[in-house]
Amino acid sequence: MRIEIPREAERFGANHIYGLQKVYEFDSGPHHEASGDEDSVIQRLSYEQLYEIEKEMAIVVPIRDEKLKLLEGVLFGIPHHCLVIVVSNSKREPVDRFTMEHKALEVLARFTRKRLLHLHQKDPVLSDALARAGYDYLLDEDGLVRDGKAEGMIVATLLACLAGKRYVGFIDADNYFPGAVHEYIKEYAAGFALSNSDYSMVRIAWNSKPKIVRSHLYFAKWGRTSVVTNHFLNKLVSHYTGFGTEVIKTGNAGEHAMTMDLALQLDYATGYAIEPYHYINLWERYGGVVGSLSSDIILRHVEIFQIESRNPHLHEAKGEAHVDQMILAALQTIYHSPICPEELKREIVQELRERGILGPGDPVPEGTYYPSLHRVDLETLRKALCNEPYAPLLERSSRPDAPPLPQAAPAGRETLENGHLGDTGDELPEEAAAPALENGKTDAPPA
Ligand code: GDD
Ligand code: MG
């Protein structure tokens, strides 16, 4: 692959958020064909470099009642050497869609010899194992894992960790183009190849989303939810840096990947808030606004890559109410963050009222958050998942855990609820401001 280095970067404490990177060539050949006269602003990544990363990656496909043809297409696009975890919340009755998925996947696995785990997030064995391993936050009043895409993704992240994977990437099951899926995974690997940190995240910005407008095909640049989410996330960054910015292009990136070390550190938000909350949680934890930043964290910084895909993105259209639900999910995580200034809160309320998502006088509802996964007892979890379908893929021992990134800020909303954060106000505490917040352009590649 040939990919441009990031042209700009915003630093928010220990978080380095790189500007959008474009891909110039999907396939730039093997290592031994490097010409030696590469342009310094374009990085050439060989087959071998990408392959080495992909084989340490699990690809998680969350699915709920999608067409089987779409799921199959997604699986066709995933490179053979990635471990595939399909985490389903599909209906069991009146039609057992989960079993239908299972049969389709069995055939596909026989044809491709792929390593594949298909599980239902309501499996009682799973919820029992989570409870035993000290992570019952995900369970509902029936003792099963709650509904929600995020809940499925969190469970699958733990399974990927037990399988010893160094990276975990997510691909929605309702993607129409197998070629786009293939591209996203190559771009995940490219981001990790460019990264200098064990704590990195790669988020895909779609090149375009095709739509039919007055019987013509129109390639819209931005999704309706993303425009709103990106706008408010950028305003939050600007508030602290003092410079207007449009660096955030991937507030709602369903297609994203993380190093396992980072995935185990983050708190998660429920449902469709999961992706915008990644940013918020990183800024709360490692932004230097609440709590203080040690030099160790600044040294072991977090890197966020945003890569623009070349394929158009086409997925199932799920209607207006769904868009409103996603906008509310994103904006409530920003609104209720201890780092959200009052003026931004007012703008969020205004936005939600103008869209009719909130009625006059309605408060912004609080979302649900799950604490980070480093508190899970992984060995207990592994022992509790010693039968089919889990055991065959979890037999390899996990990587010895990297030392956890020190906690800069209090971890997430829990602490807020306990009242430990105090008044965060509009102003950045002086001691955090100096080294932590910096807005700048850089010519230097991240590597
Ligand atoms: N396991 C599981 N459990 N999967 C689910 C659940 C659930 O409860 N609910 C939905 N899914 C699956 C869907 O089947 C689909 O594959 C994927 O999660 C995304 O859900 P969609 O309902 O298709 O969401 P979307 O297409 O509107 O939004 C996607 O893209 C956004 C960016 O535009 C999601 O990935 C969003 O999180 C993302 O922000
Ligand atoms: Mg979708």
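Predicted, not measured: the structure shown is a model, and the values here were computed from it. (Residues numbered from 1 in each chain as written. Chains lettered and ligands numbered in written order. Predicted model: local features only at pLDDT ≥ 70, side-chain atom pairs only at ≥ 80, totals over all residues. Heavy atoms only, no water.)

Within this structure, the stated rule accounts for 19 salt bridges. One salt bridge in this structure joins Lys122 and Asp140, with 3.8 Å as the shortest N-O distance. With Lys122 in the loop between β7 (116–120) and α4 (124–132) and Asp140 in the loop between α4 and α5 (149–162), this residue pair connects regions lying 18 residues apart in the sequence. With its nearest N and O atoms 2.7 Å apart, the salt bridge here joins Arg355 to Glu351. (Salt bridge = Lys/Arg side-chain N within 4 Å of Asp/Glu carboxyl O. Helix = DSSP H or I, 4+ residues; strand = E, 2+ residues; numbered from the N terminus.)

For the protein chain, the mean per-residue pLDDT works out to 85, and 87% of the residues sit at or above 70. This model gives residues 408–447 a pLDDT under 50, and the stretch forms 89 contacts once residues within four places in sequence are excluded. (pLDDT = per-residue confidence, 0-100. Contact = heavy atoms within 4.5 Å.)

Taking 1.5 Å per residue as the helical rise, helix α7 (residues 224–241) with its 18 residues ought to reach 26 Å, and the 26 Å between its terminal C-alpha atoms agrees with that figure. By the criterion of burial, α7 is predominantly enclosed, with 13 of the 18 residues buried. After α7 finishes, the residue Gly242 shows a positive phi value of roughly 80°. (Expected span 1.5 Å × (residues − 1). Buried < 20%, exposed > 50% of the residue type's maximum accessible area, 1.4 Å probe, protein only.)

Between its terminal C-alpha atoms helix α11 (residues 320–335) stretches 22 Å, which fits the 22 Å expected from 16 residues at 1.5 Å a residue. When you tally the buried positions in α11, you get 12 out of 16 residues, the bulk of the element. Inspection of α11 places His322, Val323, Met326, Ile327, Leu328, Ala329, Ala330, Leu331, Gln332, Thr333, Ile334 and Tyr335 among the buried residues, and these make up the whole buried set.

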